[in-house]
Amino acid sequence: MKNKTISIDYEYNDHRLVCCCTLDSDENEPRTWWLADNSQTDSLKSYIEEHKEDRVFICHALEKAEGHSFWRMGLDPRQYRWYDTYTVEKIRVIASNVDISKAEKKMFYGLGLVDLERRYLGLDDRSEHKEAMRELIVADKDLEENKQAILDYCSEDIDHLRKIADLQIRDYTDLSSSSFTHVIRLVRDLPPVVKPIDW
């Protein structure tokens, strides 16, 4: 991807945003933001707004996760440029049109981040670990006591997002910029207004 990017991932529950991790393509180490007590909410919001025009934000499941989190912070996600690994993978699955069993579809065509980590990066399945961490976060108890473990968990995802995005783009090199953008906009769960990206 020739654009400068920020990979971004939030952890949250029904009551609050818990944390956020970001990784700028110009930096080697992720930044972590603890949001459960609102101590770093304003600084994260300022950081995001600072890069509104000069970064593409990479996430997984924009509408369900990062877009929702932006709204909760008072930010309009439609005003930012996004690369959503979930949406791009959904296009690949739809385009594949292969008649296989449900079990095989889950293995080869699953849309979860763990599916993409396995497919593109060859990583072991982290489903059990992710489920345990999500249960902790959703319960909204003992967050401060588990702060570092939650931040470490959040950081794991952003380390993989840009690598997956680069490999997805490689798989779509046969599509022109205009046609690829058009196809993405046809996917139902993509927000209606997204700034165009020069692929």
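The coordinates are above.
Below or above, wherever it landed, is the structure these notes cover. Keep in mind that this is a model prediction, so the values were computed, not measured.

### Quick notes on the environment of Thr41
Alright, step 1. Tracing the backbone through its elements, the reader meets Thr41 in helix H1 (residues 41–50).
Alright, step 2. Separated by 23 residues in the primary sequence, Thr41 and Val18 place their C-alpha atoms 9.9 Å from one another.
Alright, step 3. With sequence-adjacent residues up to four places away left out, Thr41 is seen in contact with Leu35 and Met73.
Alright, step 4. Within polar-contact distance, the side chain of Thr41 engages the side chain of Asn38 at 3.2 Å.

### Focus on the state of the cysteines
Alright, step 1. Scanning all chains against the criterion turns up zero disulfides.
Alright, step 2. Here Cys19 stays free of any disulfide, with the sulfur of Cys154 as its closest cysteine sulfur at 4.0 Å.
Alright, step 3. Classification of Cys19 as buried rests on a relative accessible area of 0%.

### Considerations on the environment of Arg31
Alright, step 1. Structurally, Arg31 is set in strand E3 (residues 31–34).
Alright, step 2. Sequence separation between Arg31 and Leu44 is 13 residues, and the spatial gap between their C-alpha atoms is 9.8 Å.
Alright, step 3. Not counting residues within four places of it along the chain, the set of residues in contact with Arg31 comprises Cys20, Cys21, Thr22 and Tyr47.
Alright, step 4. A distance of 2.7 Å separates a polar atom in the side chain of Arg31 from a polar atom in the side chain of Glu27.

### Some thoughts on the pairing of strand E1 (residues 5–12)
Alright, step 1. Of all eight residues in E1, eight are buried, a share of seventy percent or more.
Alright, step 2. Here E1 shows two buried faces, one formed by Thr5, Ser7, Asp9 and Glu11 and the other by Ile6, Ile8, Tyr10 and Tyr12.
Alright, step 3. The sheet contact formed by E1 and strand E4 (residues 56–59) spans three bridges and is parallel. Pairing of Ser7 across the sheet is with Ile58, part of E4.
Alright, step 4. The pairing of E1 with strand E2 (residues 17–24) spans seven bridges and is classified as antiparallel. Across the sheet, residue Ser7 finds its bridge partner in E2, namely Leu23.
Alright, step 5. Connecting E1 to the antiparallel partner E2 that follows it, the hairpin turn spans four residues.

Definitions and cut-offs
Residues numbered from 1 in each chain as written. Predicted model: local features only at pLDDT ≥ 70, side-chain atom pairs only at ≥ 80, totals over all residues. Heavy atoms only, no water. Helix = DSSP H or I, 4+ residues; strand = E, 2+ residues; numbered from the N terminus. Contact = heavy atoms within 4.5 Å. Polar contact = N/O pair within 3.5 Å; in protein donor to acceptor, adjacent residues only side chain to side chain. Disulfide = S-S within 2.5 Å. Buried < 20%, exposed > 50% of the residue type's maximum accessible area, 1.4 Å probe, protein only. Pairing = 2+ DSSP bridges.

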